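# Topology and contacts: notes
Each chain, letter by letter, is given below.
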Amino acid sequence: MSSIKAPRGVRDILPGESWKWEHVFSVTRKVAGDFDYREVHLPVFEHTELFSRGVGETTDVVEKEMYTFEDRSGRSLTLRPELSASMVRSYLENRMDKQHQPAKLWSAGPMFRYERPQKGRYRQFWQIDFEAIGSQDPLLDVESIELSLELFRRLGLSNLEVLVNSVGCPACRPVHRKALQDFLRPRLKELCESCRGRFDRNPLRILDCKNPTCQALTEDAPSTISCLCDECAVHFDAVRKGLAMIGASFEVDNRLVRGLDYYTKTAYEVLSGELGAQNAVCGGGRYDNLAESIGGPHTPGMGFAAGAERIVLTMEEQGCSFGEPPRCDIFVVHADDSSLEAAVSALYDIRRAGIAADMDYTGRTLRARFKTAGASGAAFACVLGPEEIASGKVTLKDLRSGEQQAVERAKLVDFLKTAL
Ligand code: ATP
Ligand code: MG
């Protein structure tokens, strides 16, 4: 046993679980295709400025949660805490603005945030991320929300709550900021220490505080919706109408502001009751100013990220199906040393035909080899001994019923193809 353990807050996804993830990703891939999104693979680390400027200097993610390091040349790099900023960086850098608009992209992979580890909250976790960059059509907001819901529906999740809000834009945000500060000023002393710090720097974030006292104190705080400019109000109306049009059920949540600064207009979250404080399975919204904040031209965008660990956990708790775990179909067993070569040759013939097959690499006795065959979950053991070899046959033993039959060695693969 190794004395070196994995760092706190990371987890190994072992075979007993990884097949469930494969199911989640294969459903995701199908939904992505159905909504015409294309997969991209982006780097796990980026220049630190991408996140400090893109996500926002005063967000929890940038202030407290980033894994930032200097590489050997002294550059400051950061393990990505989220994907939208990288997606927009890639869109700009690869001149996707010259292609068909919007660019509809998706990706899945590990993100890194220095958080207090809990169930459903890790320091390395996976996100499934969808972004549509290059259009401000409110129907794209509808598409993004419905895409996440369709994904969750196909995964079999129930009891989901969809919360939608509009957080406005740089034109209406100062109005709300002032209204919120006026409301909070008399209550300032009662807020938690972090929120007192947020009062001047980023008061909107106080609405996102998970501290129950802060939540109670801000219950009647002025909503962002009440301060929207005409353009944002028209947009929000169109999003609500669009959602109603396709029969998507949602609730407007005036307090929803989300953890990242780049959101403009639509912000939304999908919650699952099963996860306690880690109840958000997915969060997203519109980010029309993200491209400019990282030095690009004005480029609107809309997207969401869903947490893969939280999806799998919720599916397990709700008893959702992950399909069948993969198994080996045939276990090849040689009866004695003299039949090993014939057994290995049969094993590779079976594998080359695309049938899952394995053999025992540990047992020294025939009994031990049969034991491994039984434990493998294989449907059949394919037994080769001196008698089989002499008669040009193999013995196929059904490992469930125990029934045996002789099959011609030359016809083994064809037989298995029909029998399985
Ligand atoms: P939370 O409010 O739970 O901290 P967040 O608003 O920080 O979530 P986002 O930045 O919107 O989360 O990320 C999108 C999704 O990624 C979340 O809805 C969640 O499912 C998942 N997620 C975020 N942080 C973690 C984490 N530390 N561990 C596991 N999943 C996470
Ligand atoms: Mg968070």
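Located above this text is the structure these notes cover.
In this report, we go over the structure that sits alongside the text. Bear in mind that the values here come from a model prediction, so they are computed numbers and not experimental data. (Residues numbered from 1 in each chain as written. Chains lettered and ligands numbered in written order. Predicted model: local features only at pLDDT ≥ 70, side-chain atom pairs only at ≥ 80, totals over all residues. Heavy atoms only, no water.)

## Concerning the site of ligand 1
Stated precisely, the cut-off is as follows: Nearness here has a simple test: a residue counts as near a molecule or strand if at least one of its heavy atoms is within 4 Å of that partner. What qualifies as a polar contact is a pair of N or O atoms within 3.5 Å, subject to a donor-acceptor requirement within protein and to the restriction that residues adjacent in sequence count only when both atoms come from side chains. What sets the accessible areas is the Shrake-Rupley method with a 1.4 Å probe; for residues, cover comes only from the shown protein chains. For the purposes of this entry, the term helix denotes a DSSP run of H or I that reaches at least four residues, the term strand denotes a run of E that reaches at least two, and both are numbered from the N terminus. Classes in brief: Ala, Val, Leu, Ile, Met, Phe, Trp, Tyr, Cys and Pro nonpolar; Asp, Glu, Lys and Arg charged; the others, Gly included, polar.
As a structural note, the neighbourhood of ligand 1 is formed by 16 residues, with Arg113, Glu115, Arg121, Lys210 and Arg258 the closest of them. Between ligand 1 and Ala280 there is a distance of 2.8 Å, counted from an oxygen atom to a backbone nitrogen or oxygen. Protein coverage of the free-state accessible area of ligand 1, which is 590 Å², stands at 93%. Top contributing element to the shell around ligand 1 by residue count: strand 10 (residues 280-286), with four residues. Residues belonging to the shell around ligand 1 are distributed by class as follows: six nonpolar, four polar and six charged.

## Topic: the environment of Leu207
Which entries qualify depends on this criterion: Only protein chains enter the calculation, and the probe is 1.4 Å; a residue is then buried if its accessible area is under 20% of its type maximum, exposed if over 50%, and partly exposed in between.
Considering the arrangement of structural elements, one finds Leu207 in the loop between helix 7 (193-201) and helix 8 (212-217). In this structure Leu207 comes out as buried when scored by relative accessible area, which is 6%. In sequence terms Leu207 and Cys195 are twelve residues apart; their C-alpha atoms lie 9.1 Å from each other.

## What to know about the pattern of salt bridges
So the rule is basically this: Basic side-chain nitrogens of Lys or Arg form a salt bridge, by our definition, when they fall within 4 Å of a carboxyl oxygen of Asp or Glu.
Tallying each qualifying case throughout the model produces 32 salt bridges. Note that Arg154 is salt-bridged to Asp34, the shortest N-O span being 2.9 Å. With Arg154 in helix 5 (residues 138-154) and Asp34 in helix 1 (residues 15-34), the pair connects residues that are 120 residues apart, well separated along the chain. Under the relative-accessibility criterion, Arg154 is labelled partly exposed at 34%. By relative accessible area, Asp34 is classed as partly exposed at 40%. Of the charged contacts in the structure, one is a salt bridge between Asp141 and Arg286, with a shortest N-O distance of 2.7 Å. Taken together, the residues span a long stretch of sequence, with Asp141 in helix 5 and Arg286 in strand 10 at a distance of 145 residues. Residue Asp141 is classed as buried on the basis of its relative accessible area, which comes to 0%. Residue Arg286 is classed as buried on the basis of its relative accessible area, which comes to 0%. One network of salt bridges, with partners in common, ties together Lys30, Asp34, Glu146, Glu150, Arg153 and Arg154.

## Points about a nonpolar patch on the surface
What counts here: Within this analysis, patches are made of residues with over 30% relative accessible area and no salt bridge. Like charges are joined at 9 Å or less; nonpolar side chains (Val, Leu, Ile, Met, Phe, Trp, Tyr) at 5 Å or less.
On the surface, Leu139, Met245 and Ile246 cluster together into a nonpolar patch covering about 320 Å² of accessible area. Under the relative-accessibility criterion, Met245 is labelled exposed at 62%.

## Brief notes about the side chain of Glu46
As a reminder of what qualifies: Every residue pair with non-hydrogen atoms within 4.5 Å of one another is taken to be in contact.
Relative to the assigned elements, Glu46 resides in strand 2 (residues 45-47). Judged by relative accessible area, Glu46 falls into the buried class, the value being 7%. Not counting chain neighbours up to four residues away, the residues in contact with Glu46 comprise Phe51, Ser76, Leu77, Thr78, Ser86 and Arg89.

## Quick notes on the sheet that holds strand 3 (residues 67-70)
For sheets, the rule is that strands pair by backbone hydrogen bonds, running either parallel or antiparallel. Applied cut-off: Strand pairing is assigned whenever DSSP detects at least two bridges linking the two strands. Angular values range over 0 to 180 degrees, each being the angle between N-to-C directions of two axes fitted as lines to C-alpha atoms, with helices fitted over their stretch in contact.
An order of 2-4-3 is seen for the three strands of this open sheet, with the pairing classed as antiparallel. A strand with exactly one partner marks an edge of an open sheet, and here the two such strands are strand 2 and strand 3. Pairwise comparison of adjacent strand axes, ignoring direction, gives a mean angle of 35 degrees for this sheet. As paired elements, strand 3 and strand 4 (residues 76-79) share four bridges and run antiparallel to each other. Pairing of Tyr67 across the sheet is with Leu79, part of strand 4.

## Here we look at the sheet that holds strand 16 (residues 404-408)
Across the sheet, which stays open at both edges, the five strands sit in the order 13-12-14-15-16 with mixed pairing between neighbours. Because the sheet does not close on itself, it has two edges, and the strands there are strand 13 (357-359) and strand 16. Taken pair by pair, the neighbouring strands of this sheet meet at an average axis angle of 30 degrees, ignoring direction. For strand 15 (residues 393-398) and strand 16, the ladder comprises five bridges, and the chain directions are antiparallel. The partner of Val394 across the bridge, within strand 16, is Val407. Those strands touched by helix 12 (residues 340-352) are strand 12 (330-334), strand 13 and strand 14 (380-384), and its axis lies near 160 degrees from that of strand 13. Running over the sheet, helix 13 (residues 366-375) touches strand 12, strand 14 and strand 15 and is turned about 180 degrees from strand 12.

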